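Fold and contact review
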Amino acid sequence: STARVGALDPETPAAQSGLQLGDILLSVGGTMIGTSEDVLDASFFLTAGDNAEIAVIRGTEKMTFSVRPTLHPLAPGHQMQAIAVPDAIQRITPE
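Let me sum up the structure you'll find in this document.

1. Observations regarding the overall build of the protein
- Of regular secondary structure, the protein possesses two helices and eight strands.
- Walking the protein from its N terminus toward its C terminus, one meets helices and strands in the order β-α-β-β-α-β-β-β-β-β.
- Here the protein holds 95 residues, and the buried ones make up 31% of them.
- Of all intrachain contacts in the protein linking residues separated by at least 6 positions in sequence, the fraction that spans at least 24 positions is 51%.
- Accessible area for the protein stands at about 5800 Å²; split by element, carbon and sulfur atoms hold 54% of it.

Spelled out as structure tokens, the structure:
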């Protein structure tokens, strides 16, 4: 995967479940993650209030977290399911 957690608001379900800055995302809710764009796509299929598994690599260890997505207000009358702020996922690029 090239999707890494680059920012994490402590109030988000992702942070509260144990995800940390620098974690590399492998899957969200059973959907494999290859790029940072995949995280938003995978979030579309989550249901607020239901548990979703997030698999990551932290250092050399594979870890799995149970996250309960919540509704995130976008604008009056509109909401989306959220596990984290979409801009918080960074693309890993070769140096």
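2. What to know about the pattern of salt bridges
- Taken as a whole, this structure holds one salt bridge when the rule is applied.
- A salt bridge links Asp 23 to Arg 58; the nearest nitrogen and oxygen atoms lie 2.8 Å apart. Here Arg 58 lies in strand β4 (residues 52-58) and Asp 23 lies in the loop between α1 (13-17) and β2 (24-28), a separation of 35 residues in the sequence.
- By relative accessible area, which is 22% here, Arg 58 ends up partly exposed.

3. Observations regarding helix α2 (residues 36-44)
- Among the residues of α2, Ser 36, Val 39, Ala 42 and Ser 43 are the ones counted as buried. Each buried residue of α2 sits inside an arc of 105 degrees when the element is viewed along its axis, so together they form one side.

4. A closer look at the pairing of β4
- Sheet topology places β2 next to β4; four bridges connect them, and they run antiparallel. Bridge pairing links Leu 25 to Val 56 in β4.
- As paired elements, β4 and strand β5 (residues 61-67) share seven bridges and run antiparallel to each other. Bridge pairing links Glu 53 to Ser 66 in β5.
- From the end of β4 to the start of β5, which pair antiparallel, there are two residues, and Gly 59 there has a positive phi angle of about 70 degrees.

5. Side note on the environment of Thr 35
- With respect to the helices, strands and loops of the structure, Thr 35 is situated in the loop between β3 (31-32) and α2.
- Owing to a relative accessible area of 25%, Thr 35 belongs among the partly exposed residues under this scheme.
- Taking the C-alpha atoms as reference points, Thr 35 and Ala 3, separated by 32 residues in sequence, lie 5.2 Å from one another.
- At a separation of 3.1 Å, a polar atom in the side chain of Thr 35 contacts the side chain of Glu 37.

6. Details of the nonpolar core
- One finds Leu 19, Leu 25, Val 28, Ile 33, Ile 54 and Val 56 to be the most contacted residues of the largest nonpolar core, which totals 15 residues.
- Listing elements by their share of this core, those giving two or more residues are β1 (3-5), β2, α2, β4 and β5.
- Here the element with the most residues in this core is β4; it accounts for three residues.
- For Leu 19, the contacting residues outside a window of four places in its chain are Val 5, Leu 8, Ala 14, Leu 25, Ile 54, Val 56, Arg 58 and Phe 65.

Basis of the calculations
- Residues numbered from 1 in each chain as written.
- Predicted model: local features only at pLDDT ≥ 70, side-chain atom pairs only at ≥ 80, totals over all residues.
- Heavy atoms only, no water.
- Helix = DSSP H or I, 4+ residues; strand = E, 2+ residues; numbered from the N terminus.
- Buried < 20%, exposed > 50% of the residue type's maximum accessible area, 1.4 Å probe, protein only.
- Contact = heavy atoms within 4.5 Å.
- Areas by Shrake-Rupley, 256 points an atom, 1.4 Å probe, with all protein chains shown as cover.
- Salt bridge = Lys/Arg side-chain N within 4 Å of Asp/Glu carboxyl O.
- Arc of directions from axis to C-beta.
- Pairing = 2+ DSSP bridges.
- Polar contact = N/O pair within 3.5 Å; in protein donor to acceptor, adjacent residues only side chain to side chain.
- Core = buried A, V, L, I, M, F, W, Y, C linked by side-chain atoms within 4.5 Å.

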